[in-house]
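Each chain is listed here by its residues.
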Amino acid sequence: MIQIRTFQSHDTEQIVNLILTIQQVEFQVPITIQDQPDLLEIPNFYQHGNGDFWVAVQGDEVVGTIALIDCGGPIGAIRKMFVKKEFRGKELGIAQKLLDTLTTKAQEAQMQHLYLGTIERLQAAIRFYERNGFTYIPKQDLPSSFPIMAVDTHFYVKEI
């Protein structure tokens, strides 16, 4: 049984291992933990204002993550959306449950737009975002409060 819950400090090591394995091994993205200090400071980076960080867990195993950054006003940013390879797909619907949890929180916080950045080689993720109503936006059209990650090349927005 998969449960979606907010981050707890004992999740940190599993989160780092999950995300780095997907980024570095599965998709060969040249990014390290040093490039993502937010992963070691989740409460300080994500869990303030209307932001938060959620994990999908099966028993004690973290199998997915998603984060919402409060960018101020009606704007939120999605970060760190990852699902372990063996747990992907519509059958379990973990990515959808994570995104729905984040969207509900953003709506409750009266956010009007969600933005995200990704890279071109993550085509399955891009298709998932587009199926969920996200549309491509040129980098130059992003709001100034959106935190751009250096590796991101493709950006999306959704009105909620």
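Calculation rules
- Residues numbered from 1 in each chain as written.
- Predicted model: local features only at pLDDT ≥ 70, side-chain atom pairs only at ≥ 80, totals over all residues.
- Heavy atoms only, no water.
- Buried < 20%, exposed > 50% of the residue type's maximum accessible area, 1.4 Å probe, protein only.
- Helix = DSSP H or I, 4+ residues; strand = E, 2+ residues; numbered from the N terminus.
- Pairing = 2+ DSSP bridges.
- Axes fitted to C-alpha atoms, helices over the stretch in contact; angles between N-to-C directions.
- Contact = heavy atoms within 4.5 Å.

Enquirer: Describe the pairing of strand 7 (residues 154-159), listing the residues and the values that go with them.
Expert: Of all 6 residues making up strand 7, 5 are buried, and the element is well covered by its neighbours. Sheet analysis places strand 5 (residues 113-118) next to strand 7, joined by 6 bridges and oriented antiparallel. Residue pairing across strands places Tyr115 opposite Val157, the latter belonging to strand 7. In terms of strand pairing, strand 6 (residues 135-137) meets strand 7 through 3 bridges, oriented antiparallel. Bridging from a neighbouring strand, Tyr136 pairs with Tyr156 of strand 7.

Enquirer: Describe the sheet that holds strand 5, and please don't skip the residues or the numbers.
Expert: Judged by pairing direction, the sheet is mixed, and its 7 strands sit side by side in the order 1-2-3-4-5-7-6 without closing on themselves. Of all strands in the sheet, those bounded by a partner on one side alone are strand 1 (2-6) and strand 6. Across the sheet, the mean angle separating the axes of adjacent strands is 30° when strand polarity is ignored. Strand direction decides the pairing type here: strand 4 (residues 75-83) and strand 5, joined by 4 bridges, are parallel. Each bridged residue has a counterpart across the sheet, and for Gly76 the counterpart in strand 5 is Leu114. In the packing of helix 1 (residues 12-26) onto the sheet, the strands contacted are strand 2 (52-58), strand 3 (61-70) and strand 4, and the crossing angle to strand 3 comes to about 90°.

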